[in-house]
Amino acid sequence: MQGAVIIVLGLVLGLAASSYGIQVQTTTTTTRRPDYDNSYPDADIEQYECPKTKISGVYKLTPNDTALDRIEVYCDHKLAGGDWIVLHRRDSGALNFTRNWNDYKHGFGDLEGDHWLGLEEMHLLTRRGQYELGVVLTSSTNELWYAFYDWFAVGPERENYTLHLGDYTGGTVHDSLTFHEGKDFSTSDHDSSSGCPNMHASGWWFGHCYEANLNGLYKPGKRIDSMRWNKLSDLGLLGASMMVRKYDSIRGQHEFPY
């Protein structure tokens, strides 16, 4: 059943992109997820969702079934049908992403501009059922590229905010993020990766060390330590964003370009 869903999503992406002459990469592999426990509850639990206003902007979200504090986020309604909660955005070099553990835990920046939502809020958000991930990349030559994954979650701090990632389900750029699935988040003062944060001046879900690093130094067109997605280019990106929304196997046409 899941394979059929992914195939359908791939066809939807293909139809949407083809009208703009965009070549779409897809996959039909099967997602492997950890068993849901107290950190990853059943998918039927009430989830954080953007309001159905279809107007992009900053909102305070609260699931209907909980007394938890609201989280303040930027909701994007432009990409692929909208309803996206922005976790990370970089469109300029104005905000420094060479930060310590505490900054990455709690978040920094301006929700209406460049920002990092915060690992703790990412965990609290994504532990409540299944969220899909959308990644938007702007190349050093100012071209837009996309990648979609059917599941994204961040573990608790006791597990170093481990990245949990499902299948790459399509887009216009090859997958560079699956390499980081299961990796702990690391910063220069809280390193699980044998020196990668210091070598690349950023916090990220490093392995040895990365295939993608969207928190690297903002050096568009440069190679060393820059914000990169290796399957796109070895040159630094001009922009990048990561966003999630409640997973739905049946969605409308993905809208390109962004």
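**Q** Looking at this structure, how should I read the overall build of the chain?
**A** Scanning the chain from terminus to terminus reveals four helices and 13 strands. Taking all 258 residues of the chain together, the buried fraction comes to 50%. Sequence separation of at least 24 residues holds for 57% of the intrachain contacts in the chain that already meet a minimum separation of 6. Here the chain has roughly 11300 Å² of accessible surface; of this, 48% comes from carbon and sulfur atoms.

**Q** Got a minute to help me understand the environment of Asp234 in this structure?
**A** Tracing the backbone shows Asp234 in the loop between β12 (228-229) and β13 (239-246). Expressed as a C-alpha distance, the spacing of Asp234 and Gly221, which sit 13 residues apart in the sequence, is 8.6 Å. What Asp234 contacts, discounting residues up to four positions off in sequence, is Lys222, Arg223 and Arg228. Of note is the side chain of Asp234, whose polar atom sits 2.9 Å from the side chain of Arg223.

**Q** Could you clarify how one ought to interpret the nonpolar core in this entry?
**A** General note: in soluble globular proteins, nonpolar side chains tend to be found buried as a group. In this structure, Phe152, Trp205, Leu214 and Trp229 are the most contacted members of the largest nonpolar core, which totals 48 residues. Looking at which element gives the most residues to this core, the answer is strand β6 (residues 131-138), with four residues. Tyr74, Ala80, Val86 and Val136 belong to the second-largest nonpolar core, a separate cluster that totals nine residues.

**Q** Got a minute to help me understand helix α3 (residues 119-126) in this structure?
**A** The α-helix winds at 3.6 residues per turn, so residues separated by three or four positions along the chain end up facing the same way. Listed as buried for α3 are Leu119, Met122, His123, Leu125 and Thr126. What you see down the axis of α3 is that its buried residues fit within an arc of 165°, all on one side.

**Q** Mind showing me how you'd approach the side chain of Asp114 here?
**A** Checked against the element boundaries, Asp114 lands in the loop between β4 (108-109) and β5 (115-116). Of the side chains with opposite charge, Arg89 lies nearest to the buried Asp114, which makes no salt bridge, at 5.4 Å. A polar atom in the side chain of Asp114 sits 2.8 Å from the backbone nitrogen of Asp91. Residue contacts for Asp114: discarding those within four places in its chain leaves Arg89, Arg90, Asp91, Ser92, Leu95 and Gly109.

**Q** Quick question: what am I supposed to make of the confidence of the model for the chain here?
**A** It should be kept in mind that the predicted coordinates are not to be read in detail where pLDDT is low. Confidence in the prediction of the chain, expressed as mean pLDDT, is 80, and 76% of residues score 70 or more. Put simply, helix α1 (residues 2-18) is where the chain has its lowest mean pLDDT, 38, and β5 is where it has its highest, 98. Taken together, the stretch residues 1-43 has pLDDT below 50 and engages in 85 contacts with residues farther than four places along the chain or on a different chain. Contacts of residues 252-258 to residues separated by more than four positions or lying in other chains number 31 contacts, the stretch itself having pLDDT below 50.

**Q** Even after reading the chapter, I still don't get the pattern of salt bridges, so can you show me in this structure?
**A** Pairs can form between side chains of opposite charge once their charged atoms are near each other. Using the criterion set out here, one finds eight salt bridges in the structure. Salt-bridge contacts for Lys54 lead to Asp83; the nearest nitrogen and oxygen are separated by 3.3 Å. Placement of Lys54 in the loop between α1 and β1 (57-61) and of Asp83 in the loop between β2 (71-76) and β3 (84-90) is noted, with a sequence separation of 29 residues between them. You can call Lys54 partly exposed: its relative accessible area is 45%.

**Q** It is not clear to me how the packing of aromatic side chains should be interpreted in this structure. Could you clarify?
**A** Counted by the stated rule, this structure contains 13 aromatic pairs. Relative to Tyr168, the ring of Tyr149 has its centre 5.5 Å away and its plane inclined at 65°; by these criteria the two rings are edge-to-face. Here Tyr149, found in strand β7 (residues 144-149), pairs with Tyr168, found in strand β10 (residues 168-171); they are 19 residues apart in sequence, far enough to count as distant. The exposure class assigned to Tyr168 is buried, which follows from its relative accessible area of 8%. These aromatic residues form a ring-pair network of at least three members: Phe97, Trp101, Tyr104, Phe108, Trp116, Phe152, Tyr161, Phe185, Trp204 and Trp205. Across the ring face of Tyr74, the terminal group of Arg89 is positioned such that the distance to the ring centre comes to 4.4 Å. A cation over an aromatic ring shows up here: Arg99 above the ring of Phe108, its NZ or CZ 4.3 Å from the ring centre.

The rules behind the values
Residues numbered from 1 in each chain as written. Predicted model: local features only at pLDDT ≥ 70, side-chain atom pairs only at ≥ 80, totals over all residues. Heavy atoms only, no water. Helix = DSSP H or I, 4+ residues; strand = E, 2+ residues; numbered from the N terminus. Buried < 20%, exposed > 50% of the residue type's maximum accessible area, 1.4 Å probe, protein only. Contact = heavy atoms within 4.5 Å. Areas by Shrake-Rupley, 256 points an atom, 1.4 Å probe, with all protein chains shown as cover. Polar contact = N/O pair within 3.5 Å; in protein donor to acceptor, adjacent residues only side chain to side chain. Core = buried A, V, L, I, M, F, W, Y, C linked by side-chain atoms within 4.5 Å. Arc of directions from axis to C-beta. Lys, Arg positive; Asp, Glu negative; His and termini not counted. Salt bridge = Lys/Arg side-chain N within 4 Å of Asp/Glu carboxyl O. pLDDT = per-residue confidence, 0-100. Phe/Tyr/Trp six-rings, centres within 6.5 Å; stacked < 30°, edge-to-face > 60°. Lys NZ or Arg CZ within 6 Å of the ring centre and 35° of its normal.

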